[in-house]
Amino acid sequence: MSEDFQPTSDFLRILTERGYLHQCSDLAGLDAKAKSGDLTAYIGFDCTAPSLHVGSLVQIMMLRWLQKTGGKPIVLMGGGTTRVGDPSGKDESRKILSLEEIEANKQGIKQVFAQFVQFGEGKTDALMADNADWLTKLHYIDFLRDVGKHFSVNRMLSMDSVKLRLEREHELSFLEFNYMCCQAYDYVELNRRYGCVLQMGGSDQWGNIVTGIDLGRRMGTPQLYALTSPLLTTASGAKMGKTAKGAIWLSETMLPVFEYWQFWRNCEDSDVARFLKLFTELPMEEIDRLAALQDAEINEAKKILATEATAMVHGRAAAERAAETARQTFEEGVVAASLPSLILQANEIPAEGLGVLAAFVKAGLVASTGEARRQIKGGGLKLNDEQISDEKALITIEAIEAGAKLSLGKKKHVLLRLAEG
RNA sequence: GGGGGAGUGUCCCGAGCGGCAAAGGGGGCGGACUGUAAAUCCGCUGGCUAUGCCUUCGUAGGUUCGAGUCCUACCUCCCCCA
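Residues numbered from 1 in each chain as written. Chains lettered and ligands numbered in written order. Predicted model: local features only at pLDDT ≥ 70, side-chain atom pairs only at ≥ 80, totals over all residues. Heavy atoms only, no water.

**Some words on the protein's contact with RNA strand B**
To keep it simple, the criterion reads: One heavy atom within 4 Å of a molecule or strand makes the whole residue count as near it. Any N or O atom pair separated by 3.5 Å or less is treated as a polar contact, with the protein-specific requirement of one donor-capable and one acceptor-capable atom, and with residues adjacent in sequence counted only for side-chain atom pairs. Here a strand is any run of E in DSSP of at least two residues, a helix any run of H or I of at least four, and the numbering for each starts at the N terminus. Gly falls in the polar group here, along with every residue not listed as nonpolar (Ala, Val, Leu, Ile, Met, Phe, Trp, Tyr, Cys, Pro) or charged (Asp, Glu, Lys, Arg).
Residues in contact with RNA strand B amount to 34 residues; listed here are only the nearest, Arg265, Asp269, Arg373, Arg374 and Lys411. Of all atoms in RNA strand B that approach within 4 Å of the protein, 70% are sugar or phosphate atoms. At 3.1 Å from a phosphate oxygen of RNA strand B is found a side-chain nitrogen or oxygen belonging to threonine 369. In this structure, arginine 373 approaches RNA strand B through a side-chain N or O atom, which is 2.7 Å from a base nitrogen. Only α12 (257-265), α15 (298-314), α16 (316-332) and α18 (369-377) provide two or more residues apiece to the surface near RNA strand B. Residues that form the surface near RNA strand B fall into these classes: 9 nonpolar, 11 polar and 14 charged.

Below is the structure:
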């Protein structure tokens, strides 16, 4: 990488100073292009889930910055490539999703984007494309002759996405082997349709992106560019956004706002500065000030990080509500009514009361009654801040009406409530 | 095409003389200590109507009172020869 190069375009300057930049095929060339005020770039997202999670947030933010600095972002939905399945970073083939599922996922993902970029018809308005529009119309023999002849199997075999499967001795189907060809072709197609000259993505996409540039050159596109962001891990090396309890989703229906806020609040000290730069839009001077805080004071920076990052996804009002809920819960020790809650129908509760094991499972705090038992043994479950020692304990309707708070550890809380009427 | 080896707990890596819910790590979760952090120490890390029952060792059969372990076929992978 060319550490010496000082970008002069707003876009690359911001990406550089905020830590989005991992690799770029030609910084100087791209910088000039960005400066010309006519930069169209895309990032592809496969429709494998009904929402995106924080693992994709870096990419989303890059599109947002692109728009803010005068470029045109294209969000490419992988309606076609999702039917193939990207082998990058996966041990096994993903199960084939039905067209309905893919379509539903696409809608969910589109909603997430509406929070971050402005869609429309204007020059810098974002555009949403779907590669199903062209990939599903290709004819096999024509595609092999026109596109396939440009691919070298020798080089395809050396790509990380392929090598991983080979090294782990897992099967790689011919279907998946073709994924990179589809992605490369997407790039060419987006250039022809919209004049897109930059593809961005996570560092694991480098190979696929460069393959697209190469294909473009052979098929007569103008010079295309590649830019990747670092693969996000926490300071202790764990992959971002994936916990045992599930991914950190960006959609409220899949993860309560409070828990999203908590995710950022609980980051490691050494991640604070990096996360502030990547996931908030606070000015750099402010971030420098926050990052300089030491010891317990850095908690202030974490709260700001949590609120700013949450506001980005869920809106300022919801973020501040989450911050207030956290303040009451952790700083005052009060039971905040705005904690995530589990609404129970009266008929779900047996006359003698609801068993604690079942209650914790229903609340989603533990995955099974077995885990609930184990947590009780380890002293991890609490009812209204009292450690539960008897796994047969019951929670009566009266107790729920009086207010019942279930806790796993010190940080995860769920209120039990009775449905109205 | 011929010969040799391998696939283990649905997060990963990896032991496993026919009695195995299966050693040990890493990761994760909980406890102690803290600042809702890190580091450190301790516990847990198949499911259930639970002193018992059910499901797990690539897939499908077979031998056996009993199979991760032995046999057969198939799938996938690695190595050597052609």
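**Regarding helix α10 (residues 179-194)**
Since the α-helix advances by 3.6 residues per turn, residues separated by three or four positions end up pointing in the same direction. This is how the line gets drawn: Expected helix span is given by 1.5 Å per residue-to-residue step, counting one fewer step than there are residues. Relative accessibility thresholds used throughout: buried, under 20% of the residue-type maximum; exposed, over 50%; partly exposed, between the two (1.4 Å probe, protein chains only).
In this model α10 runs 22 Å from its N-terminal to its C-terminal C-alpha over 16 residues, within 8% of the 22 Å that 1.5 Å per residue would give. The buried count for α10 comes to 13 of 16 residues, which makes it a mostly enclosed element. Just past α10, the residue glycine 195 takes up positive phi, approximately 70°.

**Focus on the packing of aromatic side chains**
The condition that has to hold: Between rings of Phe, Tyr and Trp, where Trp is taken as its six-membered ring, a pair exists when centres lie within 6.5 Å; planes separated by under 30 degrees are stacked, by over 60 edge-to-face, and by other angles tilted.
The final tally for this structure, using the stated rule, is 8 aromatic pairs. With 5.6 Å between their ring centres and 65° between their planes, tyrosine 42 and tyrosine 187 make a pair best called edge-to-face. Linking tyrosine 42 in strand β2 (residues 40-45) with tyrosine 187 in helix α10, this pair joins segments that are 145 residues apart in sequence. Look at tyrosine 187 and you get buried, because its relative accessible area is 0%. Aromatic pair phenylalanine 263 and tryptophan 264: ring centres 5.0 Å apart, planes at 75°, arrangement edge-to-face.

**Concerning the sheet that holds strand β12 (residues 386-387)**
Inclusion rule: A pair of strands is treated as paired once DSSP finds two or more bridges between them.
Pairing within the open sheet is mixed, and its 5 strands lie in the order β9-β15-β14-β11-β12. Two strands close off the open sheet at either side, each with one partner strand: β9 (341-344) and β12. Here 2 bridges tie strand β11 (residues 381-383) to β12, and the two strands are oriented antiparallel to one another. Within β12, the residue paired with leucine 383 across the bridge is glutamate 386.

**Considerations on the packing of helix α1 (residues 10-17) against helix α3 (residues 57-68)**
As a reminder of what qualifies: A fitted line through C-alpha atoms serves as each axis, taken over the contacting stretch for helices, and the angle formed by two N-to-C directions is quoted from 0 to 180°. Should the near helix be turned anticlockwise from the far one by less than a right angle, the crossing is left-handed, and should it be turned clockwise, the crossing is right-handed. For this analysis, residues touch if any pair of their heavy atoms sits within 4.5 Å.
α3 packs onto α1 with a crossing angle of 145° between their chain directions and a minimal axis gap of 9 Å. The chirality of how α1 crosses α3 is right-handed. In this structure, α1 contributes Phe11, Ile14 and Leu15 to the contact, and α3 contributes Met62, Trp65 and Leu66. When grouped by side-chain class, the residues that make up the contact of α1 with α3 number 6 nonpolar, no polar and no charged.

**Comments concerning the nonpolar core**
The cut-off we apply is this: Throughout this description, the term nonpolar core refers to a set of buried Ala, Val, Leu, Ile, Met, Phe, Trp, Tyr and Cys residues connected via side-chain atoms within 4.5 Å.
With 108 residues, the main nonpolar core has Phe113 and Trp264 as its most contacted residues. Per-element tally for this core: the top contributor is α10, with 9 residues. Judged by nonpolar contacts, the second largest core, of 22 residues, contains Leu342, Phe360, Leu365 and Leu408.

**Side note on a nonpolar patch on the surface**
Note the cut-off: In this scheme, patches are assembled from residues that exceed 30% relative accessible area and form no salt bridge. Like charges are connected within 9 Å, while nonpolar side chains (Val, Leu, Ile, Met, Phe, Trp, Tyr) are connected within 5 Å. Computed with the Shrake-Rupley method and a 1.4 Å probe, the accessible areas treat only the protein chains shown as cover for residues. Salt bridge, as used here: a side-chain nitrogen of Lys or Arg that lies within 4 Å of a carboxyl oxygen of Asp or Glu.
A surface patch of nonpolar side chains, about 450 Å² in accessible area, is lined by Tyr140, Ile141, Leu144 and Phe174. Among the elements that make up the nonpolar patch, the one with the highest residue count is helix α6 (residues 140-146) (3 residues).

**Here's the deal with helix α11 (residues 206-219)**
Helix length check: α11, at 14 residues, gives a terminal C-alpha distance of 20 Å against a target of 20 Å (1.5 Å per residue), a fit within 8%. Listing the buried residues of α11 in full gives Asn208, Ile209, Thr211, Gly212, Ile213, Asp214, Leu215, Gly216 and Met219. As for α11, its buried residues are in contact with α6, α7 (153-157), α10, β5 (198-202) and β6 (225-229). Residue glycine 220 follows α11 closely and has a positive phi angle near 90°.

**Side note on the pattern of salt bridges**
All chains considered together, the criterion is met by 21 salt bridges. In this structure, arginine 217 and aspartate 214 form a salt bridge, with 2.9 Å as the shortest nitrogen-oxygen distance. Residue arginine 217 and its partner aspartate 214 are both found in helix α11; the two are separated by 3 residues, about one turn of the helix. The exposure class assigned to arginine 217 is exposed, which follows from its relative accessible area of 55%. Between aspartate 385 and lysine 405 there is a salt bridge, with its nearest N and O atoms 3.2 Å apart. Here aspartate 385 is found in the loop between β11 and β12, whereas its partner lysine 405 is found in strand β14 (residues 404-408), with 20 residues between them in sequence. Overlapping salt bridges bring together Arg155, Asp214, Arg217 and Arg218 as one network.

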